[in-house]
Amino acid sequence: PAAEDGAMRTAWQGKAGRSPLQALYESDQFEQSSLQAVHQQRRELLSNVCSRYTRKRRLLRPDDLRHLVVDDTHGLLYCYVPKVACTNWKRVMMVLTGQGKYRDPLEIPANEAHVSSNLRTLSEYSIPEINHRLRSYLKFIFVREPFERLVSAYRNKFTRSYNTAFHKRYGTKIIRRHRQEPSDKALERGDDVRFEEFVYYLLDPRTQREEPFNEHWERVHSLCHPCIVHYDVVGKYETLVEDANYILQLVGADASVKFPSSSKTTRTTDDMTAQFFQDISPFYQRRLFNLYKMDYLLFNYSIPSYLRIR
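Residues numbered from 1 in each chain as written. Predicted model: local features only at pLDDT ≥ 70, side-chain atom pairs only at ≥ 80, totals over all residues. Heavy atoms only, no water.

The chain goes by Carbohydrate sulfotransferase in an unreviewed UniProt entry, where it is assigned to Chauna torquata. Taken directly from UniProt, the Subcellular location (unreviewed entry) text for the chain runs: "Golgi apparatus membrane". The Sequence similarities (unreviewed entry) field of the UniProt record for the chain holds the comment "Belongs to the sulfotransferase 2 family." (UniProt positions renumbered as here; feature names shortened; annotations may be inferred.)

Undergrad: Break down the overall build of the chain for me, with residues and values.
TA: Of regular secondary structure, the chain possesses 15 helices and four strands. A buried classification covers 52% of the 310 residues belonging to the chain. Pairs at least 24 residues apart make up 69% of the contacts formed inside the chain by residues separated by at least 6 positions. For the chain, the computed accessible surface area is about 15900 Å², with 48% contributed by carbon and sulfur atoms. (Helix = DSSP H or I, 4+ residues; strand = E, 2+ residues; numbered from the N terminus. Buried < 20%, exposed > 50% of the residue type's maximum accessible area, 1.4 Å probe, protein only. Contact = heavy atoms within 4.5 Å. Areas by Shrake-Rupley, 256 points an atom, 1.4 Å probe, with all protein chains shown as cover.)

Undergrad: Any chance you could break down the environment of N163 for me, citing the residues and the numbers?
TA: Considering the arrangement of structural elements, one finds N163 in the loop between helix 6 (146-158) and helix 7 (164-178). With relative accessibility at 11%, the residue N163 sits in the buried group. Taking the C-alpha atoms as reference points, N163 and D191, separated by 28 residues in sequence, lie 8.5 Å from one another. In this structure N163 touches N156 and K157, once residues within four positions along its chain are discounted. Polar contacts involving the side chain of N163 include one to the main-chain carbonyl oxygen of N156, which spans 2.5 Å. (Polar contact = N/O pair within 3.5 Å; in protein donor to acceptor, adjacent residues only side chain to side chain.)

Undergrad: Report on the state of the cysteines, specifying residues and quantitative values.
TA: All told, the structure shown has two disulfides when counted by the stated rule. A disulfide bridge connects C50 with C227, and the sulfur atoms are separated by 2.0 Å. Taking the torsion about the S-S bond as the criterion, the C50 to C227 disulfide, at about -85°, is left-handed. In this pair, C50 is assigned in helix 2 (residues 33-53) and C227 in the loop between helix 11 (220-224) and strand 4 (233-236), connecting sequence segments 177 residues apart. Neither C50 nor C227 differs from the other in exposure class; each is buried. The partner cysteine of C79 in its disulfide is C224, sulfur to sulfur 2.0 Å. Across the S-S bond linking C79 and C224, the dihedral sits near -90°, which makes this disulfide left-handed. In this pair, C79 is assigned in strand 2 (residues 76-79) and C224 in helix 11, connecting sequence segments 145 residues apart. For the residue pair C79 and C224, the accessibility class agrees, reading buried in each case. (Disulfide = S-S within 2.5 Å.)

Undergrad: Please set out the side chain of D243 residue by residue, giving values where relevant.
TA: Relative to the helices and strands, D243 is located in helix 12 (residues 240-250). Beyond its immediate sequence surroundings of up to four residues, D243 is in contact with L35, H39, R42, F142, V234, G235 and K236.

Undergrad: Tell me about the pairing of strand 2, and name the residues and values.
TA: Burial along strand 2 is two-sided: the face carrying L76 and Y78 and the face carrying L77 and C79 are both buried. Relative to strand 3 (residues 138-143), strand 2 is paired through four bridges, and the arrangement is parallel. Directly across from L76, in strand 3, lies its bridge partner L138. (Pairing = 2+ DSSP bridges.)

Undergrad: Talk me through the packing of aromatic side chains; I want residue IDs and the actual numbers.
TA: Throughout the structure, instances matching the rule amount to 27 aromatic pairs. Residues Y78 and F140 carry aromatic rings whose centres are separated by 4.9 Å and whose planes lie at 15° to one another, so their mutual orientation is stacked. In this pair, Y78 sits in strand 2 while F140 sits in strand 3, placing the two residues 62 residues apart along the sequence. Each ring, one from F147 and one from Y296, has its centre 5.5 Å from the other, and the planes form 85°; the classification is edge-to-face. (Phe/Tyr/Trp six-rings, centres within 6.5 Å; stacked < 30°, edge-to-face > 60°.)

Undergrad: Explain helix 9 (residues 195-203) to me, using residue names and the numbers behind them.
TA: The buried count for helix 9 comes to seven of nine residues, which makes it a mostly enclosed element. If you check which residues of helix 9 are buried, you get F195, E197, F198, V199, Y201, L202 and L203. In this structure, the buried residues of helix 9 make contact with helix 6, helix 7, helix 10 (205-210), helix 13 (270-277) and helix 14 (282-291).

Undergrad: So what about the packing of helix 3 (residues 86-97) against helix 12? Which residues, and what values?
TA: Put simply, helix 3 and helix 12 touch, their axes get as near as 13 Å, and they point 20° apart. For the element pair helix 3 / helix 12, the angle class is roughly parallel. Crossing geometry of helix 3 relative to helix 12 is assigned as right-handed. Together, W89, V92 and L96 of helix 3 and L240, A244, I247 and L248 of helix 12 make up the contact between the two elements. Counted by class, the contact of helix 3 with helix 12 contains seven nonpolar, no polar and no charged residues. (Axes fitted to C-alpha atoms, helices over the stretch in contact; angles between N-to-C directions. Parallel < 35°, antiparallel > 145°, perpendicular 65-115°, else oblique. Left-handed = near helix turned anticlockwise from the far one by under 90°. Nonpolar A, V, L, I, M, F, W, Y, C, P; charged D, E, K, R; others polar.)

Below, the structure written as C-alpha cells:
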C-alpha cells in the first residue's frame, strides 16, 4: 500500500478507498511493473538526495505553491515547469477540470493554456485546504535535462522575433551589462542577445539580488520544491508520452483523454545544446553547472559529456 511506501509519503485515497498504487498492483489491466519500478527508483533517488543535501526542512509558503495546478475532480496536483511540455500538460489539465467544456487538448490554443484564470493553483486555497490536497492528492512533476531546458528557454525567448516582451524586459538589461560597446539599436531593442551573454547574466550576482529568476530558467527545485512536496510521480521529458499515460491511468482519467504527442521538429536536442556550449569557457561552464547542480542530482541526470569541467 502507498501509505507504507516510505518513498511515497502519501496516502492518496482514490474513489474506491484505495491508493492509486494499490489499485495498480491489484489490477490485471496494468501490465506496467517495469514502469512502476522506474518510478519507484526515481522517488527513492529524489528522497535520498533530499536527505543528503537539505539540512533543515522549511515550511511551505503560499508563494511556493503558485506552480502547483489543482484538479479537484481527479485529485491531482501538477507542478508545471516551463520548457518541459508544460503547455500540453496545462491543456490536458483544462480538459480534466473543464467539466466537458474541452474534449481534445490540441484544440485549446497555446496562449489560452497559459491564461492563469483557466486553471487554479494551490496558492489560491486556504491553509487547511492546501494541507488536505498535499496529503491526499496524487502529485506529479515533469523534468528535463537542465542544460537542454536552459538552451530551449534561451532559443524561445531570445532568438524568436515575436518575443518582444522578453527582449525589452531582459534582453536590454543583459546587453547593457554584458556587452562591450553595444549599439544604440541593441540597447533599445534587446533582440540579439548571444547565449554567452545570457550565461553571464545568469551568473552575475546582481541578477538574483535584484529579483528571482524568470520561471523559464529558474531551477526546478526552486519552482516545485521537491524536497518539501513529496511527488508521487516524477515524469521525464525523455519518456514523456509513457509517463503521461501512466499518470492519466493512475488517476482514472477518461480513456478519451490523450496526452498530445509532439510533432515539433524545432525541439532542442542534446547535440544542439552541445553546440551552444562550444563557445562557453570551462570556467563559466563549471559555474553554470554548479548553479543547476541540484537539478542534476535530484533528477539523476549525468554531467553532459560536452562540458569541459572535469
